[in-house]
Amino acid sequence: MTNLRDAGAVVTGAGHGIGRALASRLVAEGARVVVNDLDEDACKAVAQELGAAAVPGDCSSDAGVRSLIGSATETLGRIDVYLANAGIDRTQPDSLQASDEDWARMIDTNVMAHIRAARVLVPRWLEDGRGGRFVVTASAAGLLTMIGAAPYSVTKHAAVGFAEWLSVTYGHRGIAVQAICPQGVQTRMLEQAGPLKDLLTRDAALTPEEVADAWVASLDEDRFLVLPHPEVAGYYAARATDTDAWLAGMRRLQAKVDELTGVGHE
């Protein structure tokens, strides 16, 4: 499915940022859209603005995912496109010491939410023979890494890994899978990045709308990796071609961040 007109689409984490932009672009393309967000007020406001349906709630838990998909199916008749966009970053200054609670919450939202949704949707798409499109909003951190953010890096790698597996396993049976992997995007998460903000914007920070545009443009070629920042492809290739050289370069970036934050200079 590359034509979005009349498609039934669900966007999680649609109250702000990339999710909101994806929902807006879907509506502009003629899709029928359900928006979801843990922030009930934001979810309802976006739905009202776009003419979409609001299903607020937690899209990360098994019960929450099943409730969302059930409500969205009642509203849309069928879910053709599912954009697993919701994601969180609870990174603390020393992410090696992130608590088990923070790890668990990020794994639930950034990884298990995708798995739980696919468990429900993929069998339905296979059963009726009409297929579907499953889109994960990951991050360039899922292809490279994120300085100073162990849980975020690990969970985004896992999100890309699951999407790859889903594509390999079901792509020949009509299930299209994509992973959107931007670098810096002008969202609340970027504004809260502290000293990492400059690092994340060394290549221009895009607007959420530009990320949504990149995803829609990718449908013509039905690409798995959606790279709103094209330069990420070069970084990804360099990482694979000479991992040691790439790691050395990343350590140099880490040293610069350490200087900015005073780490190692006590």
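In this report, we go over the structure that sits alongside the text. (Residues numbered from 1 in each chain as written. Predicted model: local features only at pLDDT ≥ 70, side-chain atom pairs only at ≥ 80, totals over all residues. Heavy atoms only, no water.)

**Describing the overall build of the protein**
Here is step 1 of the chain: What the protein contains, in helices and strands, is ten helices and seven strands.
Here is step 2 of the chain: Computed over its C-alpha atoms, the radius of gyration of the protein comes to 18 Å, within 12% of the 18 Å expected for a compact globule of 266 residues.
Here is step 3 of the chain: Burial status across the protein gives 48% buried among its 266 residues.
Here is step 4 of the chain: Across the protein, contacts joining residues at least 24 apart in sequence account for 65% of those joining residues at least 6 apart.
Here is step 5 of the chain: Summed over all atoms, the accessible surface of the protein reaches about 12400 Å², with 50% contributed by carbon and sulfur.
Here is step 6 of the chain: Charge separation in the protein, taken as the distance between the mean sites of 24 positive and 35 negative side-chain charges, equals 5 Å. (Helix = DSSP H or I, 4+ residues; strand = E, 2+ residues; numbered from the N terminus. Rg over C-alpha atoms; globule rule 2.2 N^0.38 Å. Buried < 20%, exposed > 50% of the residue type's maximum accessible area, 1.4 Å probe, protein only. Contact = heavy atoms within 4.5 Å. Areas by Shrake-Rupley, 256 points an atom, 1.4 Å probe, with all protein chains shown as cover. Lys, Arg positive; Asp, Glu negative; His and termini not counted. Charge placed at Lys NZ, Arg CZ, Asp CG, Glu CD.)

**Some words on the packing of aromatic side chains**
Here is step 1 of the chain: If you walk through the whole model with that rule in mind, you get three aromatic pairs.
Here is step 2 of the chain: With centroids separated by 5.6 Å and ring planes inclined at 15 degrees, the aromatic side chains of Tyr-82 and Phe-134 adopt a geometry described as stacked. Of this pair, Tyr-82 sits in strand β4 (residues 81–84) while Phe-134 sits in strand β5 (residues 132–137); the two residues are 52 residues apart in sequence, bridging distant segments of the chain. Like Phe-134, Tyr-82 is buried.
Here is step 3 of the chain: Their ring planes at 20 degrees and their centres at 6.2 Å tell us that Phe-162 and Trp-165 sit as a pair that is stacked. Of this pair, Phe-162 and Trp-165 both sit in helix α5 (residues 150–170), three residues apart, which is roughly one turn of that helix. (Phe/Tyr/Trp six-rings, centres within 6.5 Å; stacked < 30°, edge-to-face > 60°.)

**Regarding the nonpolar core**
Burial of nonpolar side chains together is a common tendency in soluble globular proteins.
Here is step 1 of the chain: Of all hydrophobic cores here, the largest spans 45 residues; its most connected members are Val-10, Ile-69, Ile-79, Tyr-82, Trp-125, Phe-134 and Leu-166.
Here is step 2 of the chain: Sorting the residues of this core by element identifies α3 (62–76), β4, α4 (100–128), β5, α5, β6 (175–180) and α10 (243–261) as the ones contributing at least two each.
Here is step 3 of the chain: The element that contributes the greatest number of residues to this core is α4, accounting for nine residues.
Here is step 4 of the chain: Discounting chain neighbours no more than four positions away, the residues touching Tyr-82 are Val-10, Thr-12, Leu-68, Ile-69, Ala-117, Leu-121, Trp-125, Arg-133, Phe-134 and Val-135.
Here is step 5 of the chain: In this structure, Ala-21, Leu-26, Leu-83 and Ala-214 belong to the second largest nonpolar core, which totals 30 residues. (Core = buried A, V, L, I, M, F, W, Y, C linked by side-chain atoms within 4.5 Å.)

**Concerning the pattern of salt bridges**
Here is step 1 of the chain: Across all of its chains, the model carries twelve salt bridges by this definition.
Here is step 2 of the chain: Here Arg-105 ties to Asp-58 by a salt bridge, and the two come within 3.9 Å at their closest N and O atoms. Here Arg-105, found in helix α4, pairs with Asp-58, found in the loop between β3 (53–54) and α3; they are 47 residues apart in sequence, far enough to count as distant.
Here is step 3 of the chain: Ionic pairing is found between Glu-221 and Arg-223, a salt bridge with its closest N-O pair at 2.9 Å.
Here is step 4 of the chain: Here Glu-221 falls in the exposed class, since its relative accessible area comes to 58%.
Here is step 5 of the chain: Look at Arg-223 and you get partly exposed, because its relative accessible area is 34%. (Salt bridge = Lys/Arg side-chain N within 4 Å of Asp/Glu carboxyl O.)

**Overview of the layout of surface pockets**
Here is step 1 of the chain: By volume, the second largest pocket is sized at about 210 Å³.
Here is step 2 of the chain: Every residue lining the second largest pocket is listed: Thr-145, Met-146, Ile-147, Gly-148, Ala-149, Ala-150, Ser-153, Trp-246, Leu-247, Met-250, Arg-251 and Gln-254.
Here is step 3 of the chain: Counting only elements with at least two residues in the lining of the second largest pocket, the list comes to α5 and α10.
Here is step 4 of the chain: In the lining of the second largest pocket, the residues fall into seven nonpolar, four polar and one charged. (1 Å grid on protein atoms, 1.4 Å probe; cavity = no way out; pocket = protein on both sides within 12 Å on 5 of 7 lines; lining within 4 Å. Points joined across faces, edges and corners; volume = space filled by probe spheres on them. Nonpolar A, V, L, I, M, F, W, Y, C, P; charged D, E, K, R; others polar.)

**Notes on α5**
Here is step 1 of the chain: When the terminal C-alpha atoms of α5 are compared, their 30 Å separation across 21 residues agrees well with the 30 Å that a helix rising 1.5 Å per residue should span.
Here is step 2 of the chain: Of all the positions in α5, only Pro-151, Tyr-152, Ser-153, Thr-155, Lys-156, Ala-159, Val-160, Phe-162, Ala-163, Leu-166 and Tyr-170 are classed as buried. (Expected span 1.5 Å × (residues − 1).)

**Thoughts on the environment of Glu-40**
Here is step 1 of the chain: Position of Glu-40 among the secondary structure elements: in helix α2 (residues 40–50).
Here is step 2 of the chain: Note: C-alpha distance between Glu-40 and Cys-181 (141 residues apart in sequence) is 26 Å.

**Some remarks on the pairing of β6**
Here is step 1 of the chain: The buried count for β6 comes to six of six residues, which makes it a mostly enclosed element.
Here is step 2 of the chain: Neither face of β6 is open: one carries Ile-175, Val-177 and Ala-179, the other Ala-176, Gln-178 and Ile-180, and all of them are buried.
Here is step 3 of the chain: Looking at chain direction, β5 and β6 are connected through six bridges and run parallel. Across the sheet, residue Val-136 finds its bridge partner in β6, namely Ala-179.
Here is step 4 of the chain: The parallel pair β5 and β6, bridged by α5, forms a crossover whose chirality is right-handed.
Here is step 5 of the chain: One ladder, built from two bridges, connects β6 with strand β7 (residues 225–226); its direction is parallel. The residue bridging Ile-180 from the neighbouring strand is Val-226, located in β7. (Pairing = 2+ DSSP bridges. Right-handed = clockwise from strand over helix to strand, strands pointing away.)

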